[in-house]
Amino acid sequence: MKTVTKKLNFDKVVSLPKQKDFKPLKPSLFWRCLIRIISIPGLLSCRFTYKKIGMEKLNKKEPCFILMNHSCFLDLQIAESVMFPRPLNIVCTSDGFVGKNLLMRLIGCIPTNKFVTDFALIRKMQYAITKLKSSILMFPEASYSFDGTATPLPSSLFKCIKLLTVPVIMIRTYGAFSRNPLYNNLQIRKGVKVSADVKYLLSKEDIQSKSLEEITSIVRNEFAFDNFKWQQENNIKISDNFRADSLNRVLFKCPSCKTEGKTYGKGTLLTCKHCNKEYELTENGFMKSLSGPTEFPHIPDWFNWQRQEIKNEIIQNKYSLNIPVEIYMLVNTRAIYKVGTGTLLHNKDGFVLDGCDGKLHYEQKPKATYSLYSDYYWYEIGDVICIGDMKTLYYCFPQTEQDVVTKTRIATEELFKLNF
């Protein structure tokens, strides 16, 4: 999927009118049916099935708050299909509105900036529930999983559940990540079946009677998953010969020689270009060394080792990112504006972005966000690191051969933890 981009001088972008704020619209039956029809080919191709758990408790016309794990582009099609014909207002990233603002509003989408405090979002969600009698769909992880496990949930989510006081539904998918992991450059593994559980998680009475801590525990438990473990336990074989393509985005540090940014994923192999050690991503989802011991057969274990290494760097005051970047800006939904080049710095004090011939300077402290909007092959432009606030987002595309996007997100999360 692509988006609308436009090259424009930084001064002109800053002077552009900002995007107007609108109340959510209830999607008509026409749009709901159209989305349902459009979703059929994709769901048939992955032989999608789903199971309902306790859903008889939910009245057909009763608004609810739907939470869903975020694995791939198929997620929205799944949600719209399993909840059809219930009207949904979908909380989604603001850059998804670029070039199609009216359409996105008509199908019920509510824009927000990822990992940015948005005080108006709760009001819009309450409006959709109370005035429009519509349900809310949210992907609370906000970003796709990199390593197949859950990404951090914002503490504000649990307060939101308390405020909305409507039944909470959980949609949990199986196989969606295995079919189309983010690191694999949109290449789809066609042999993987996708399924989902649609679960009645919390009633109004539960929300009113249970403490915030109890609700937090229940929801976090639903978001405790490991897609590679699921693949292994269910003996799901992925024979596609591109399954390790770009796996270096996720596994960027060699556990054998400890060198960073020299791994290379191609075909079924991940190779360290520094020590030449090779690992195979097997059909069952394990990492297997082709010479010497296999340090981490399980990808999430390798990923967590990298996290601990980054945390140690931060504690020892050794962590620092300083890279050249191409800079795009989002100030409205007409386009994402390419404004020039600059330098992105990240360390224990947070982010500093300078560029556009000295005209752009932006700082973001570690306490500003619990995670980072970072993505692979973003809108088919490239790997991206996004920072900013509710007024402006800065999309930074690293101009370096090393994979830094994943490390920067992990560092952002660990810096946030250490600052609280």
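For clarity, every value in this text was computed on a predicted model and none was experimentally measured.

The rules behind these values
Residues numbered from 1 in each chain as written. Predicted model: local features only at pLDDT ≥ 70, side-chain atom pairs only at ≥ 80, totals over all residues. Heavy atoms only, no water. Pairing = 2+ DSSP bridges. Helix = DSSP H or I, 4+ residues; strand = E, 2+ residues; numbered from the N terminus. Axes fitted to C-alpha atoms, helices over the stretch in contact; angles between N-to-C directions. Contact = heavy atoms within 4.5 Å. Buried < 20%, exposed > 50% of the residue type's maximum accessible area, 1.4 Å probe, protein only. Arc of directions from axis to C-beta.

**Quick notes on the sheet that holds strand 4 (residues 88–93)**
And step 1. Judged by pairing direction, the sheet is mixed, and its seven strands sit side by side in the order 2-8-7-3-6-4-5 without closing on themselves. The open sheet has two free edges, formed respectively by strand 2 (49–53) and strand 5 (109–112), since each of these has just one partner strand. The mean inter-strand angle of the sheet, taken between neighbouring strand axes irrespective of direction, is 20°.
And step 2. Seen against the sheet, helix 6 (residues 156–164) touches strand 3 (65–68), strand 6 (135–138), strand 7 (168–174) and strand 8 (195–202) and runs at an angle of roughly 160° to strand 3.

**Some thoughts on the environment of leucine 251**
And step 1. With respect to the helices and strands, leucine 251 occurs in the loop between helix 10 (227–233) and strand 9 (263–266).
And step 2. Leave out the neighbours within four places in its chain, and leucine 251 touches Thr263, Leu270, Met287, Ile299, Trp302, Phe303 and Gln306.

**Observations concerning helix 6**
Residues spaced three or four apart along an α-helix face the same direction, because each turn holds 3.6 residues.
And step 1. Three or more residues of helix 6 are buried, namely Leu157, Phe158, Cys160, Ile161 and Leu164. On an axial view of helix 6, the arc spanned by its buried residues comes to 155°, and they lie on one face.
And step 2. Phi for threonine 165, located one or two positions after helix 6, is positive at around 50°.

**Section: unusual backbone geometry**
And step 1. For the peptide bond that leads from phenylalanine 84 to proline 85, omega is 5°, which places it in the cis range.
And step 2. Here proline 85 lies in the loop between helix 3 (74–82) and strand 4.
And step 3. A positive phi angle is found at asparagine 185, which is not glycine, with a value near 60°.
And step 4. Structurally, asparagine 185 can be placed in the loop between helix 7 (176–179) and strand 8.
And step 5. Owing to a relative accessible area of 30%, asparagine 185 belongs among the partly exposed residues under this scheme.
And step 6. Phi is positive for asparagine 276, close to 65°, though the residue is something other than glycine.
And step 7. Structurally, the position occupied by asparagine 276 is in the loop between strand 10 (269–272) and strand 11 (278–281).

**Concerning the pairing of strand 6**
Each regular strand carries side chains that alternate between the two faces of the sheet.
And step 1. Of the two faces of strand 6, the one carrying Ser135 and Leu137 and the one carrying Ile136 and Met138 are both buried.
And step 2. Both strand 3 and strand 6 contribute to a ladder of three bridges, which runs parallel. In the sheet register, phenylalanine 65 faces strand 6, and the bridge partner there is isoleucine 136.
And step 3. In the sheet, strand 4 pairs with strand 6 via three bridges, with the strands oriented parallel. Opposite isoleucine 90, over in strand 6, you have leucine 137 as the bridge partner.

Limitation: the analysis is restricted to geometry and does not speak to function.
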